Amino acid sequence: MTKRSAILAALAFLMPALVSVFLLRLWPAAVAVNTSLIPPGSDTYGLDNFRYIFTDPVFLNSLKVTLVFLVIVNPLQIAISLALALLMNTAVPLIGFWRTVILLPVAIPQSVSAVVWGVALRPDGLVNAVLVALGMEPQRFLTSPDQALASIILIVSWIGVGYWMTFILAGLQDIPKSLYEAVTIDGANPWQRFRFVTLPQLRRPLTFVLVANTVANFLIFAPIQILTAGGPEGSTDLIMNTVYTQAFIISDPESAAASTVVLVAVVLLIVILQFRMMRTEDGHD
Amino acid sequence: MHGMNRRTLMRGAFVAGTALLAAGTAATAQDKTTINFLSAQRDEVIQPMIEGFEKAHPDIEVIHQSVPFNDLNAATESRIGQGDTSIDVLHADTPRIPAFASQGYLLNLDDRRDVIEAAVPNAVDIEQVSYDGSIYAYPQWTSTQMMYFNRKILEDAGLEMPSDDPESRLTWEELLDMARTVQENGVKYGLTFQQVDRYYQLQFLFESAGAGSGLTGDDMLTPDITNEGWVKTAAWYGDLYENGLAPRGVTPEQTDDLFINGEVAFMIAGPWAIARYDANPDLDYGVAPVPYFEGGKPSTPTGSWSVAINPNSEKLDAARAFAEYVTLDPEGVYLSIAGNPNTLVNAEAYKKYAADMEALTDKIGSAIGIISHETQNTAAGRPRSRGFVTFETIMNRTFSDIRNGTDAESALDGAERQLKRALGRIK
């Protein structure tokens, strides 16, 4: 087989993948960028759509809410996942049972979890019944502008931590036992073992979890759509809900495209920053 | 139910089998015109109409394409808007007709005005399918709202049953007194709206208070929701929840259960709720006309689905035949509610619908009397605006905020500012 025909054969095998990438990824992205640059009712390019969304209180609010949400939800989920993974990596009795219990919410569709939690968090729902039984004040949860975002964080974390835990747990089980034996001989206490062996060895799985979790949380949509539609008073109006509303409810595809471009740019920027932060001193990640 | 499912399944299998056979002998099959009907209804709702039509027109085959309600807008816009000819007939939600008609997505039906007006004599129903003085869809169904009450709860509280006579309807003031009494008597909630926070179900409160629909101007693109009547009525709505008379945090899907379980005494809901309530033999309920504000006028929600034609369709004759069969031919119209108890606008078919509904009168009061009266006399449609969907979306969120305790005046101020921007983009 000549070199040229080998390349052709390779190309033929790659073609389905390349065509899919082009049709399903690159082409829609190009269309979105193109749409975002054409103001409604015009056929010349301009930045009007961006000017419109950046003076739109609804869009600006959703950017703010999304950033607040991410700053809280990402560290929280990763810390809990890490703690759970450490716990599940010890010799607890019935370990298989506990792992299953923690992972179980992953098997339930996000929308179903949202509906069930929505009922439980109703002002006359199960959670308040428990609070009252324990002698506490009932709370308003999703119906209060001060508690709704926290309630959403609770719901998505309940779904998410088990999932992210499995990646960290896999990473923990890859750490050679000999490293722990060595530092124990050197007199390291449990905190030092965690700080100087476990954490550095977990760099790879943690980087993956951090990046994937950030992206997943940027794109949270179903619980918002089902439970609050962005309210009360815009307090849970995460950016995907705003984009969806612009595109499919108020039929403003130009604003939706502009918002999508902004969203992708912000996600890319944050992910790049995260990769840099997680890089080791010698330049390898 | 089981038997029917199996029968549907068998029929499906038979059709599939026949289709396979037909594919093998396609060359000998006779020429058939195939048209596509796009709707947000389940297949069970549409199939009876299609079967009836195909029997009457053996040379035309109708294929139903069902999309979720929230996607119908997007589907109409992306497909008909791009000149797609693969949709011939479509279901159009009446408040969305101005937006679609103004963009040229719907065929102008003025040449059939005489026939349509003869079959559908109520002017409100014609207005619902019109934009800019022209008719753009065949009216098919309509809707109204009634007040359902739980007889047992009222009896236990020593209250009189509300009358089913529209002339002696309750005022909101009287109703709230009754609601408070049942709540003091141990019932969880006094009243609820079936579709909490939705403009469709709350517009009539503002109309009854004389505050207007919320949109004004020649093109109905100017918001008017901060006048005294709007603020007062919105505050009244918020108070229902602030005082615990009505439930916070409940979604529209959950309200029927509250009524069926006897957790709420009064329920404002559409006639279609009868199907669900009647399926619960333990529920002893009755119907009455919806209340009005003292000093105001009675008003009720209305509007539903209509049938429109894609102007790009290459089979206009067949499309027209199908659209007219399901809206103007009493037989087809009646079949259109075989799988879904909607109220009809076609005068002939309505008689048959009324006779069916009459059978319920002994048990729950004259629902058909209320429906007939309200659709003829008190119906106030949603504003005919190209910006209706934007308006509705922002209003629904505002009602939700008010229900959750946001001050009515500041919520409406915020909504008006947002509406001015968003509707300004449409202008």
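Rules used throughout
Residues numbered from 1 in each chain as written. Chains lettered and ligands numbered in written order. Predicted model: local features only at pLDDT ≥ 70, side-chain atom pairs only at ≥ 80, totals over all residues. Heavy atoms only, no water. Helix = DSSP H or I, 4+ residues; strand = E, 2+ residues; numbered from the N terminus. Buried < 20%, exposed > 50% of the residue type's maximum accessible area, 1.4 Å probe, protein only. Contact = heavy atoms within 4.5 Å. Areas by Shrake-Rupley, 256 points an atom, 1.4 Å probe, with all protein chains shown as cover. Pairing = 2+ DSSP bridges. Axes fitted to C-alpha atoms, helices over the stretch in contact; angles between N-to-C directions. Domains from an automatic or database assignment. Buried area = accessible area lost by both parts, 1.4 Å probe. Salt bridge = Lys/Arg side-chain N within 4 Å of Asp/Glu carboxyl O. Core = buried A, V, L, I, M, F, W, Y, C linked by side-chain atoms within 4.5 Å. Polar contact = N/O pair within 3.5 Å; in protein donor to acceptor, adjacent residues only side chain to side chain. Nonpolar A, V, L, I, M, F, W, Y, C, P; charged D, E, K, R; others polar. Phe/Tyr/Trp six-rings, centres within 6.5 Å; stacked < 30°, edge-to-face > 60°. Lys NZ or Arg CZ within 6 Å of the ring centre and 35° of its normal. 1 Å grid on protein atoms, 1.4 Å probe; cavity = no way out; pocket = protein on both sides within 12 Å on 5 of 7 lines; lining within 4 Å. Points joined across faces, edges and corners; volume = space filled by probe spheres on them.

Colleague: For this particular structure, what's the right way to read the overall build of chain B?
Modeller: A count of helical and extended segments in chain B gives 19 helices and 15 strands. Counting only C-alpha atoms, chain B reaches 75 × 50 × 35 Å along its principal axes. Burial status across chain B gives 54% buried among its 427 residues. When contacts within chain B are restricted to residue pairs at least 6 apart in sequence, those whose partners lie at least 24 apart make up 77%. Total accessible area on chain B is roughly 17,800 Å²; 50% of this is exposed by carbon and sulfur atoms.

Colleague: I would appreciate a short explanation of the sheet that holds strand β9 (residues 189–193) of chain B in the present structure.
Modeller: Residue and element names in this part refer to chain B. Across the sheet, which stays open at both edges, the four strands sit in the order β9-β12-β8-β13 with mixed pairing between neighbours. Single-partner strands in this sheet number two, and they are β9 and β13 (285–289). Strand-to-strand twist across the sheet, computed as the mean angle between neighbouring axes with direction ignored, equals 20°. Pairing geometry for strand β8 (residues 146–150) and strand β12 (residues 264–269), over four bridges, is antiparallel. Across the sheet, the residue bridging to Y148 is M267, located in β12. In the packing of helix α9 (residues 199–208) onto the sheet, contacts are made with β9 and β12, and the angle to β9 comes to roughly 105°.

Colleague: Explain the domain arrangement of chain B here, please?
Modeller: Where interface size is given, it is often the accessible area lost as the parts come together that is meant. Residue and element names in this part refer to chain B. For chain B, the assigned domains read domain 1 (31–141 + 303–358) and domain 2 (146–301 + 387–426). Here the C-alpha centre of domain 2 lies 30 Å away from the C-alpha centre of domain 1. If you look at the interface, domain 1 gives seven residues, while domain 2 gives seven residues. Both faces combined, the contact of domain 1 with domain 2 buries some 580 Å², and carbon together with sulfur accounts for 65% of it. On the domain 1 side of the interface with domain 2, the three residues burying the most area are P95, R96 and P341, jointly 55% of the side's total. Inspection of the domain 1/domain 2 interface yields one salt bridge.

Colleague: I'm lost on the nonpolar core in this one. Help?
Modeller: A general tendency of soluble globular proteins is for nonpolar side chains to be buried together. Within the largest apolar cluster, 88 residues are counted, with the highest numbers of intra-cluster contacts made by A:F69, B:W172, B:F193, B:L205, B:Y237, B:L240 and B:F266. Not counting residues up to four positions away in its chain, the partners in contact with B:L240 are B:L176, B:L191, B:F193, B:L245 and B:A246.

Colleague: Would you mind going over unusual backbone geometry with me for this structure?
Modeller: Trans peptide bonds make up most of the peptide bonds, and negative phi angles are found at most residues other than glycine. Residues and elements named next belong to chain A. In this model, L94 sits at a positive phi of 60°, which is unusual for a non-glycine residue. Residue position: L94 is located in the loop between α3 (57–88) and α4 (95–103). Here L94 falls in the exposed class, since its relative accessible area comes to 60%. Not every positive phi belongs to a glycine, and A229 is a case in point at roughly 50°. Along the chain, the position of A229 falls in the loop between α11 (222–227) and α12 (239–249).

Colleague: Explain the interface of chain B and chain A to me, please; I cannot follow it from the model alone.
Modeller: Taken together, the contact pairs 23 residues of chain B with 28 residues of chain A. Taken over both partners, the interface formed by chain B and chain A buries close to 2,100 Å², and the fraction arising from carbon and sulfur atoms is 44%. Summed over the three residues of chain B that lose the most area to chain A, namely B:R397, B:R421 and B:R425, the buried surface amounts to 33% of that side. Taken together, the connections running from chain B to chain A amount to two salt bridges. Put simply, B:K188 and A:D124 hold a salt bridge, and the shortest N to O gap is 3.4 Å. The interface formed by chain B and chain A includes ten residue pairs in polar contact (both at pLDDT 80 or more). Going through the elements one at a time, α3 (69–80), α11 (252–260), α18 (388–403) and α19 (408–426) of chain B are the ones with two or more residues in the side of chain B that touches chain A. Ranked by the residues each element gives to the side of chain B that touches chain A, the list is headed by α18(B), at five residues. Taken together, the residues of the side of chain B that touches chain A break down into six nonpolar, ten polar and seven charged.

Colleague: Explain the sheet that holds strand β3 (residues 89–93) of chain B to me, please; I cannot follow it from the model alone.
Modeller: What holds strands together in a sheet is hydrogen bonding between their backbones, with the strands either parallel or antiparallel. Residue and element names in this part refer to chain B. The strand order across the open sheet formed by five strands is β2-β1-β3-β14-β6, and the pairing between neighbours is mixed. In this open sheet, the two strands that pair with only one neighbour each are β2 (60–66) and β6 (138–139). Pairing of strand β1 (residues 33–39) with β2 involves seven bridges; the strand directions are parallel. Along β2, the bridge assignment pairs T33 with I60. Strands in contact with helix α2 (residues 43–56) are β1 and β2; relative to β2, the strand with the most contacts, it is inclined by about 170°.

Colleague: Would you explain the pairing of strand β14 (residues 305–309) of chain B in this entry?
Modeller: Two faces belong to every sheet, and in a regular strand the side chains alternate between them. Residue and element names in this part refer to chain B. Extensive coverage of β14 is indicated by the burial of five of its five residues. By the alternation rule, side chains of β14 split into W305, V307 and I309 and S306 and A308, which are all buried. When β3 meets β14, the two strands line up antiparallel, connected through five bridges. Within β14, the residue paired with L90 across the bridge is A308.

Colleague: Looking at this model, I keep getting lost on the pattern of salt bridges. Mind explaining?
Modeller: Where side chains of opposite charge bring their charged atoms close, a pairing between them can arise. Residues and elements named next belong to chain B. The tally for this structure, following the rule as stated, stands at 25 salt bridges over all chains. The salt bridge involving D93 is made with R96; its shortest N-O contact spans 2.6 Å. Both residues of the pair, D93 and R96, count as buried. Linking R276 and D257 is a salt bridge whose minimum nitrogen-to-oxygen distance equals 3.0 Å.

Colleague: What is the right way to look at the packing of aromatic side chains in this model?
Modeller: All names here are of chain B. All told, the structure shown has 35 aromatic pairs over all chains when counted by the stated rule. With a centroid separation of 6.3 Å and an interplanar angle of 45°, the aromatic rings of W172 and F204 are classed as tilted. A residue pair is termed long-range when its members are at least 10 positions apart, and W172 in helix α8 (residues 172–184) and F204 in helix α9 qualify at 32 residues. Judged by its relative accessible area of 2%, F204 falls in the buried class. A cation over an aromatic ring shows up here: K352 above the ring of Y334, its NZ or CZ 4.1 Å from the ring centre.

Colleague: Can you help me understand empty space enclosed by the protein in this one?
Modeller: It is the rolling of a water-molecule-sized probe over the atoms that shows where space remains empty. All chains considered together, the criterion is met by three cavities of 30 Å³ or more. Taken as a whole, the largest cavity holds about 210 Å³ of empty space. If you go around the largest cavity, you meet 15 residues; those closest to its centre are A:D56, A:V58, A:I250, B:I394 and B:Q418. Among the elements of the structure, α12 of chain A together with α18 and α19 of chain B are those that each provide at least two residues to the lining of the largest cavity. Within this model, the second largest cavity holds a volume of roughly 60 Å³. Looking at the lining of the second largest cavity, the elements that each hand over two or more residues are β7 (141–142) and β14 of chain B. Here the lining of the second largest cavity is composed, by residue class, of five nonpolar, seven polar and one charged.

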